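# Structural overview
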There are 2 protein chains.
Amino acid sequence: MSAYSPRLSRLIEALRRLPGVGPKSAQRMAFHLLDRDRQGAQLLGETLVEALGGIGRCPSCRMFCDEGENCRYCSSSRTAAGQLCVVESPADLMAIEGGTSYRGRYFVLMGRLSPLDGIGPEELGLDRLQAQLAAGEVQEMIIATNPTVEGEATAYYLAEMARGQGVRVTRIAHGVPMGGELEYVDGGTLAHALSGRTPV
Amino acid sequence: MSAYSPRLSRLIEALRRLPGVGPKSAQRMAFHLLDRDRQGAQLLGETLVEALGGIGRCPSCRMFCDEGENCRYCSSSRTAAGQLCVVESPADLMAIEGGTSYRGRYFVLMGRLSPLDGIGPEELGLDRLQAQLAAGEVQEMIIATNPTVEGEATAYYLAEMARGQGVRVTRIAHGVPMGGELEYVDGGTLAHALSGRTPV
Ligand SMILES: [Zn+2]
Ligand SMILES: [Zn+2]
């Protein structure tokens, strides 16, 4: 990379800050922007700077939220059901919002419990969640963390917390995906699906 | 995507201007920058804007070049050999510069002849190349366009042009890659390697 001009080198280095972008992709992106889409480069540059100053987190659900606007996921029209769905990431929230008819409230952990990485209850904002549960407006807390080891550990912790506040706790179901074929589903999922069988 | 806040939607849209970045990747990039690398986002934003104002093209070889600096590929210490290597893209230049000991001059076409896409000799700056050949400093023009249909057509056109100026023309060799095994090489390459055989 050292043979590029200083500004071009800096641009390629900066593009590598994007997740999943290696040296080759960064180079391709830089050439594309400089050669074919200078307008796009300008737009991206300005939008990034604007985003940093203007996108924060909702103090209530921790989802990304434009500064100066009310969080659309915490608006009063949604809270009626008294349901609170806890997810690991903004993308998980979007998946539930886009793929289901759920229109209750959310709480975005922005991670999962991972003591080895120094991520404890404080980093996930669980004190704020605790306060919300204590306030008594939540009738049901739906845990939608991922079915990984850390996600399950987080789910266990969350469930204990909610029970301590006398709040009903549920966990989204895990099992054979709709349309999935048993022979191609991994053993862990299958075991989970079997033990979680329901009467028909 | 419509359920994101306006600023976040704009950021995701802007990230999609990068080549090879779809909706999912753009979302992942936006979350990553906002959640884990705000410094990187700031750097990328500033660098993009700086790049647009500060990176141009060398008037001689057409390679990207910082405004106000001399092109390192056209510096006088490199021109001694009187060799000029014509490549399609800046990435091709970098591949030759990084992978070989060639230290002559370059000419970057920034494309290849493609009449159907409206890319003719003018779009590739061939008038400037012609002028350089006419100036008499080039003893050998090395054609390093890609071995594709359009690359070959471009090579043919370039060769005719150089011959018209009485400049010696060569084409980089194509054949079985070093370390490649014959049985895995495609037929076209193999046919090319056979017809281009040299005495040992
Ligand atoms: Zn909110
Ligand atoms: Zn140059």
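Residues numbered from 1 in each chain as written. Chains lettered and ligands numbered in written order. Predicted model: local features only at pLDDT ≥ 70, side-chain atom pairs only at ≥ 80, totals over all residues. Heavy atoms only, no water.

## Topic: the coordination of the zinc ion (ligand 2)
Residues and elements named next belong to chain B. Selection rule: Note that water is not among the atoms considered, so a metal site may appear incomplete; the donors listed are N, O and S atoms within 2.8 Å of the metal, with 3.2 Å applied to Na, K and Ca. Each label reflects the angles at the metal, where four donors whose angles all fall between 85 and 135 degrees are tetrahedral, four or six donors whose opposite pairs open beyond 155 degrees and whose other angles stay between 65 and 115 are square planar or octahedral respectively, and the rest are irregular. Numbering of helices and strands starts at the N terminus; helices are DSSP runs of H or I of at least 4 residues and strands are runs of E of at least 2. Here the term buried applies to any residue with accessible area under 20% of the maximum for its type, exposed to any over 50%, and partly exposed to those in between, with areas from a 1.4 Å probe on protein chains only.
Taken together, the protein ligands of the zinc ion (ligand 2) are Cys-58 (SG), Cys-61 (SG), Cys-71 (SG) and Cys-74 (SG), with distances of 2.3 Å. Each of the four donor atoms bound to the zinc ion (ligand 2) contributes to angles spanning 103 to 114 degrees, and the resulting shape is tetrahedral. All donors to the zinc ion (ligand 2) come from one chain, and their sequence spacing reads C-x2-C-x9-C-x2-C. Of this pair, Cys-61 sits in the loop between β1 (55–57) and β2 (64–66) while Cys-74 sits in the loop between β2 and β3 (83–87), and the two are 13 residues apart along the sequence. Residue classification places Cys-61 among the buried positions, given a relative accessible area of 0%.

## Looking at the packing of helix α2 (residues 23–36) of chain B against helix α3 (residues 38–54) of chain B
Residue and element names in this part refer to chain B. Under the convention used in this document: Between N-to-C directions, angles cover 0 to 180 degrees, with each direction set by a line fitted to C-alpha atoms, over the stretch in contact for helices. Put simply, angles under 35 degrees are roughly parallel, angles over 145 are roughly antiparallel, angles from 65 to 115 are roughly perpendicular, and the rest are oblique. Here, residues are in contact when the closest pair of their heavy atoms is within 4.5 Å.
Where α2 contacts α3, the axes come no closer than 5 Å and their chain directions differ by 115 degrees. With respect to α3, the axis of α2 lies roughly perpendicular. Residues Leu-33, Leu-34 and Arg-36 of α2 touch α3, and the partners they reach there are Arg-38, Gly-40 and Ala-41.

## Focus: the sheet that holds strand β6 (residues 168–171) of chain B
Residues and elements named next belong to chain B. Applied cut-off: Note on pairing: two strands pair once DSSP finds at least 2 bridges between them.
The sheet built from four strands is open, its strands ordered β4-β3-β5-β6 with parallel pairing. Unpaired on one side and paired on the other, β4 (105–108) and β6 mark the two borders of the sheet. Strand-to-strand, the axes of this sheet are offset by a mean angle of 25 degrees, without reference to chain direction. In the sheet, strand β5 (residues 140–143) pairs with β6 via four bridges, with the strands oriented parallel. Residue Glu-140 lies in a different strand from β6, and its bridge partner there is Arg-168. The sheet strands contacting helix α4 (residues 90–99) are β3 and β4, and the helix crosses β4 at an angle near 155 degrees. Contacts from helix α5 (residues 126–134) reach β3, β4 and β5 within the one sheet, and its direction differs from that of β4 by about 155 degrees.

## Considerations on the pairing of β4 of chain B
Residue and element names in this part refer to chain B. Applied cut-off: By the criterion used throughout, a crossover qualifies as right-handed when its path from the first strand across the helix to the second strand runs clockwise, the strands pointing away from the viewer.
The side-chain alternation of β4 yields two buried faces, one formed by Arg-105 and Phe-107 and the other by Tyr-106 and Val-108. Bridging between β3 and β4 involves four bridges; their strand directions are parallel. Each residue of the ladder has a partner; that of Val-86, found in β4, is Phe-107. Handedness of the β-α-β unit built from β3, α4 and β4 comes out right-handed.

## Describing the domain arrangement of chain A
Condition: An automatic or database domain assignment is the source of the domain bounds shown.
One can read the domain layout of chain A as domain 1 (1–30) and domain 2 (74–171). For domain 1 of chain A and domain 2 of chain A, the distance between their C-alpha centres works out to 38 Å.

## Here we look at the UniProt feature "domain: Toprim" (unreviewed entry) in chain A
The following threshold applies: UniProt positions are given in the numbering used here, feature names are shortened, and annotations may be inferred rather than shown by experiment.
Following the UniProt record, the feature "domain: Toprim" (unreviewed entry) maps to residues 82–177 of chain A here. For the annotated span residues 82–177 of chain A, helix accounts for 36% and strand for 18% of the residues, and the straight-line distance between the end C-alpha atoms is 28 Å.

## Examining the pattern of salt bridges
Residue and element names in this part refer to chain B. Formally: By convention in these notes, a salt bridge is any Lys or Arg side-chain nitrogen within 4 Å of a carboxyl oxygen on Asp or Glu.
The tally for this structure, following the rule as stated, stands at 22 salt bridges over all chains. As a salt-bridge pair, Glu-88 and Arg-112 come within 2.7 Å of each other at their nearest N and O atoms. Of this pair, Glu-88 sits in the loop between β3 and α4 while Arg-112 sits in the loop between β4 and α5, and the two are 24 residues apart along the sequence. Note on Glu-88: relative accessible area 2%, which makes it buried. By relative accessible area, Arg-112 is classed as partly exposed at 31%. With a shortest N-O distance of 3.3 Å, Arg-171 and Glu-152 are connected by a salt bridge. With a gap of 19 residues between them, Arg-171 in strand β6 and Glu-152 in helix α6 (residues 149–164) connect regions that are remote in the sequence. You can call Glu-152 partly exposed: its relative accessible area is 32%.

## A few points about the relation of the copies chain A and chain B
Under the convention used in this document: The least-squares superposition of copies is restricted to C-alpha atoms, and to residues with a pLDDT of at least 70 in both copies.
Superposing chain A onto chain B takes a rotation of 179 degrees combined with a translation of 0.0 Å along the rotation axis, leaving an RMSD of 0.1 Å. Considering both components of the superposition, the chain copies are consistent with a two-fold axis. Looking at the rotation axis and the C-alpha trace of chain A, the residue lying nearest is Gly-45 of chain A, at 2.0 Å. Comparing interface residues between copies, 100% of those in chain A also lie at the interface in chain B; the contact surface is shared.

## Details of the sheet that holds strand β4 (residues 105–108) of chain A
Residues and elements named next belong to chain A. Spatially, the four strands line up as an open sheet ordered β4-β3-β5-β6, and their pairing is parallel. The open sheet is flanked by β4 and β6 (168–171), the only strands paired with a single partner. In this sheet, adjacent strand axes meet at a mean angle of 25 degrees when their direction is disregarded. Strand direction decides the pairing type here: strand β3 (residues 83–87) and strand β5 (residues 140–143), joined by four bridges, are parallel. Bridging from a neighbouring strand, Leu-84 pairs with Met-141 of β5.

## Quick notes on the layout of surface pockets
Put simply, the rule is: In this analysis the probe radius is 1.4 Å and the grid spacing 1 Å, with only protein atoms considered; a cavity is a set of points the probe fits into but cannot get out of, a pocket is an open set with protein on both sides within 12 Å along at least five of seven lines, and lining residues have an atom within 4 Å of a point. Grid points are joined across faces, edges and corners, and a volume is the space filled by probe spheres set on the points. Side-chain classes are defined by residue name, with Ala, Val, Leu, Ile, Met, Phe, Trp, Tyr, Cys and Pro counting as nonpolar, Asp, Glu, Lys and Arg as charged, and the others, Gly among them, as polar.
Considered as a void within the structure, the largest pocket measures approximately 310 Å³ in volume. Elements supplying a minimum of two residues to the lining of the largest pocket: α2 (23–36) of chain A together with α4 of chain B. At seven residues, the largest contribution of residues to the lining of the largest pocket is made by α2 of chain A. Class assignment of the residues belonging to the lining of the largest pocket gives a composition of six nonpolar, five polar and seven charged.

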